[in-house]
Each structure stands twice: as structure tokens, then as C-alpha cells.
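# Geometric and topological summary
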Amino acid sequence: MHDHQAPSRTVASEEGLKAEPGAPRKKIFVKTYGCQMNVYDSARMVDVMAPSGYSEVDTPDDADIVILNTCHIREKAADKVYSELGRLRELKKEKSGRGEELLIGVAGCVAQAEGEEMRRRAPVVDLVFGPQTYHRLPEYVARLANGGPGIVETEFPADDKFGTLPMPEKRKTLARGATAFLTIQEGCDKFCTFCVVPYTRGSEFSRPIARILEEARALVDAGVREITLLGQNVNAWHGVDETGRPATLGRLIRALAQIDGLARLRYTTSHPRDMDEELIAAHRDVPELMPYLHLPVQSGSDRILAAMNRRHDADTYYRIIDRIRAAKPDIALSSDFIVGFPGETEADFEATLGLIRTVGFAQAYSFKYSPRPGTPAATEEDQVPEDVKSERLQRLQALLGEQQLAFNAGCAGRTMPVLFDRRGRGESQLVGRSPYLQSVHIDDAPEHLFGSLVDVVIEEGHRNSLRGRLREEAGVLV
Ligand code: 5AD
Ligand code: SF4
């Protein structure tokens, strides 16, 4: 495989950055906002800077470079970035008082959407770059280190970002534990009228199956037991299998499940339109595929769904859920909801509550509609007043909260395999994930269980987590 060779331009600029032998290593701090795709991207930014002598630190205080990897999906996310930049301005001043430099970059979707405006509003920023260009980070840093002017890069370049990222085994950030994300698809062609993603992440792109398998194997070799496949429209992933036949996500999941040592697979986020038969069959046939599906519906009103350009109505959603439940009866369902989309009446909102009651969700995310500049819904005249949005969100969350608590409480008494991937607050407390993505806490856990899949007896189900204990004869499952 030669397609992942870095283009000569990047290699040359890395040379320009190479630390003197014996010189102290430089430090990079990346702060991540928003979705899991950004978590994956942040780790890749650290990877691309490693050959230039940078290692990751977990505070901005002694960093040479700070990157804010931003999210633009809703209002507050962008506001948080600007207030963080205010704090960084102070840090930069302090450092320059000590004769030290601090390079400040803003990456991700706010950077993509704001472009030049970002440097005008926050001149402290040296570098603004969108999600499609972070493989060029070493080149940007080299230009700035050589005294070049501030950089704003928001084009969608022709070179393939994934193709030029370091090989999996060269990655410093490859695996930090038993669970990992793996981006398989990016961008979106659906153009829901409220959403910035098609503009900030660009059009839909699927990574080739061979590269995905290679990365997954490297993750498993590094100790990963559970992989979450990521994409803005992950179930729109398509490629060709080893025989050259067209393949969709269900086929990819079957191929990944063959990897020895990989115990669990998940994927997020899906669109109802792309829930094909092959994927539903994978839920039925592939034991490694966890019984959990995040399938955003946004609204239960056909009128609003049409105005959102979702390309499905409530009935289509019900039929998909029926097929999935027929294939995998214990599947836990999750969704995203938007309240107060322009023109939403009380009757539309009640249709959403009705859909929630009919389907029954184990977990969900819900948001007030937030107009995104450049999207069609933002300029609609019949915007819903803020107080109405807040009141609807409260009612919606109360219902979703009840369903979540009922689902979690119903797990008490069951025994479930839990993958322990975090340490709890208390001494010897471990936290892991159930098959249904619930957080499970246990006390008095032997340290060797960290990173393992273990059977746990669930004793209590709370709104946001479960509490359990090890079985007497507990053995490590994987
Ligand atoms: N306002 C509110 N919520 C939004 N989302 C996307 N765009 C907006 C917006 N403009 C929500 C959707 C999507 C999730 C990732 O964020 O519910 O599924
Ligand atoms: Fe945004 Fe709709 Fe695409 Fe999801 S499917 S990323 S909500 S445009």
C-alpha cells in the first residue's frame, strides 16, 4: 500500500519543523468540542504533529500550540469557543511576557463556517482550518514558525485527508483503552434544512473497506475490544467487498466482526433513509454488533419532517423500527429531537410526544432549534419564540427522562457483559458500558478488570447509570 504516503509538500514542511537533536520536545494541546467525529479528528491532529517533535499535553498552560477543535451544530458551541479564545489571549500575553510563544489554532466546523471572520473577531488566532485540511497541520505550523502571516484554510482540498494520515501503527494516540472510535464515512448530502453539516463537512465520502479493516486490526492489536464506527451519516457508507461487489454498512460490519479479539461493534449516527436490509440483517446475525441503535427522527410531525427535508415521515420511521425489532427484539433505541423548528405548532409538538410514546426510547438527545446562518430554515419567517421552545423542550425531556429511567430500572436483576473502560470517582470503582451503552458502576473492582469484558449483576437502574456487582464466579469474558 502506497496511497498513504504523505505528499512531498507536507514532508518538506515537517523537515522544516524538526527539533534540534537534544532540544526539548514541543507540546500540543487539543481541546475538543462537539461530536465523536471531532474526538477522532483531534487524535489524528496529534498524530500528524508527532513526526515534527510534538507530544500531547492535557492542559493549555505549558503548550506551544493550542488547537480548539470546534463544533457548529448549535449556537452555544460557537459561543464557548469565543470565550475560550478570550482566556487563551491572556495566556498568550503571559507567555510572551516570559519570552515564550503560543500558537493558537481553531479547527473544525466553526472554523469552516466562520473562516476569515474568526480572525477578525478574535485576532489572537493564528490559524483557522476546516475539518478537511487537518492533515496539513504540520505545513501550516511550519509556515507560522517561520514568521509567516496568519492562515485561514477552509477549502475542500483534492488530496484525500484519510489517505495522507499516518499509518495506524505510527499513531501515538491509536488506543488509549479498550474502546476506540473509527471514522469510516464523512460528510452529508441530505441537506436537512436546519443543519450546517453539508456545508462544514462537505459532501458524502466513504473510506475504502481495506483501509478500515487495516485500521481496525491495528486498534485490536493495541488492545481495543470495542470499536464505534463513526460518520455523520454512517449508514450511508458504501464501498466494494473483496470480491468487487458493492457493499453497504451491514457487509462492512460482518467483515469487521471476523477480526480476532474484537468483541464489540457499534456505529453512529444513522439516517432512517439508509437503514437497509443488509444492516438490519447484521443486527440479527452478528453477535458482536451491540443491540443499540441511535436513529435520529427529529420530529413526529409529518408537516415538520417535510419542512426539515428529512425525506421520511413518521410512518416510515415506525416501519423501520418494527423491522429492526423483529430482527433484534432487545434492541435499545436512541434518537435526536429538535423542538421549535420554524412553524412548529402545539399540535406538531404533540405529534412528537406521540411518536416518543409509541416507539419508547432507552436514551435520547433533544435540542431547541437554533438557526444556523446559511441554512434554509434560518431565514424562515415563522420562528418559534424562545420561551415556547424552552417550555416544549422541558416537556419533551420529562417524557424522555421517564422512558430512560424505566428502561434502566428494568435492567435491575439482569446479568450483562460490561466492558470496563473508565475509572470511577471512588477508590477501586470501575465504570464500563453495558451492551445497551448504559454506564455501569461497580465498587471494589480488582484493578485487573480494567479493560476487560466481565459479567455484572445489575442491582440498581438510575436515570443516567446502572450500579452492579461482580458475580461470585466472575471470570473475564475477553
Ligand atoms: N438546531 C438544533 N439542533 C440541531 N441539530 C442539528 N442542527 C441543529 C440546529 N440547527 C441536532 C439534530 C442532529 C444533532 C446532531 O444535532 O438533532 O441530529
Ligand atoms: Fe445534518 Fe441531516 Fe445530514 Fe444529519 S442527515 S448531518 S441532520 S443534513
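Residues numbered from 1 in each chain as written. Chains lettered and ligands numbered in written order. Predicted model: local features only at pLDDT ≥ 70, side-chain atom pairs only at ≥ 80, totals over all residues. Heavy atoms only, no water.

Turning next to a negative patch on the surface. A cluster of acidic residues, D58, D61, D62 and E94, forms a negative patch on the protein surface. Topologically, D61 is positioned in the loop between β2 (54–56) and β3 (65–70). (Patch = residues over 30% accessible without salt bridge, like charges linked within 9 Å, V, L, I, M, F, W, Y side chains within 5 Å. Areas by Shrake-Rupley, 256 points an atom, 1.4 Å probe, with all protein chains shown as cover. Salt bridge = Lys/Arg side-chain N within 4 Å of Asp/Glu carboxyl O. Lys, Arg positive; Asp, Glu negative; His and termini not counted. Charge placed at Lys NZ, Arg CZ, Asp CG, Glu CD. Helix = DSSP H or I, 4+ residues; strand = E, 2+ residues; numbered from the N terminus.)

At a closest axis distance of 9 Å, the pairing of helix α2 (residues 36–49) and helix α6 (residues 137–145) adopts a crossing angle of 60°. Taken as axis vectors, α2 and α6 run oblique relative to one another. Contacts between α2 and α6 involve M45, V48 and M49 from the first element and L137, P138 and V141 from the second. Along the lines of polarity and charge, the residues of the contact of α2 with α6 split into six nonpolar, no polar and no charged. (Axes fitted to C-alpha atoms, helices over the stretch in contact; angles between N-to-C directions. Parallel < 35°, antiparallel > 145°, perpendicular 65-115°, else oblique. Contact = heavy atoms within 4.5 Å. Nonpolar A, V, L, I, M, F, W, Y, C, P; charged D, E, K, R; others polar.)

Attention now moves to the nonpolar core. Grouped together as the largest cluster of nonpolar side chains are 55 residues, with contacts concentrated most on L229, I253 and Y267. V57, A63, A77 and A122 belong to the second-largest nonpolar core, a separate cluster that totals 24 residues. (Core = buried A, V, L, I, M, F, W, Y, C linked by side-chain atoms within 4.5 Å. Buried < 20%, exposed > 50% of the residue type's maximum accessible area, 1.4 Å probe, protein only.)

An order of β14-β15-β16 is seen for the three strands of this open sheet, with the pairing classed as parallel. Each having just a single partner strand, β14 (292–294) and β16 (363–368) make up the two edges of the open sheet. Geometrically, the sheet is characterised by an average inter-axis angle of 10° between neighbouring strands, direction not taken into account. Here β14 pairs with strand β15 (residues 332–339) via three bridges, running parallel. Across the sheet, residue Y292 finds its bridge partner in β15, namely A332. (Pairing = 2+ DSSP bridges.)

The parts lose accessible area when they come together, and the size of an interface is often stated as this lost area. The domain architecture assigned to the chain consists of domain 1 (8–153), domain 2 (162–409) and domain 3 (415–470). The distance between the C-alpha centroids of domain 1 and domain 3 comes to 36 Å. (Domains from an automatic or database assignment.)

Another point: the side chain of R136. Structurally, R136 can be placed in the loop between β5 (127–129) and α6. Looking at R136, the relative accessible area reads 10%, which means it is buried. For R136, the side chain forms a polar contact with the side chain of E155, separated by 3.5 Å. (Polar contact = N/O pair within 3.5 Å; in protein donor to acceptor, adjacent residues only side chain to side chain.)

All right, on to unusual backbone geometry then. Going from T268 to T269, the amide bond is cis rather than trans, its omega being 0°. A positive phi is found at F191, a non-glycine position, where the angle reads about 55°. Looking at the element boundaries, F191 is found in the loop between β8 (185–186) and α8 (197–200). Look at F191 and you get partly exposed, because its relative accessible area is 37%. If you check the backbone angles, R311 has positive phi at about 65° while not being a glycine. Along the chain, R311 turns up in the loop between α12 (302–307) and α13 (314–327).

In this section: the site of ligand 2. Taken together, the residues surrounding ligand 2 are C188, K190, F191, C192, F194, C195, V197, P198, N233, H271 and R310. A breakdown of the residues in the shell around ligand 2 according to their chemical character gives seven nonpolar, two polar and two charged. (Near = heavy atom within 4 Å.)

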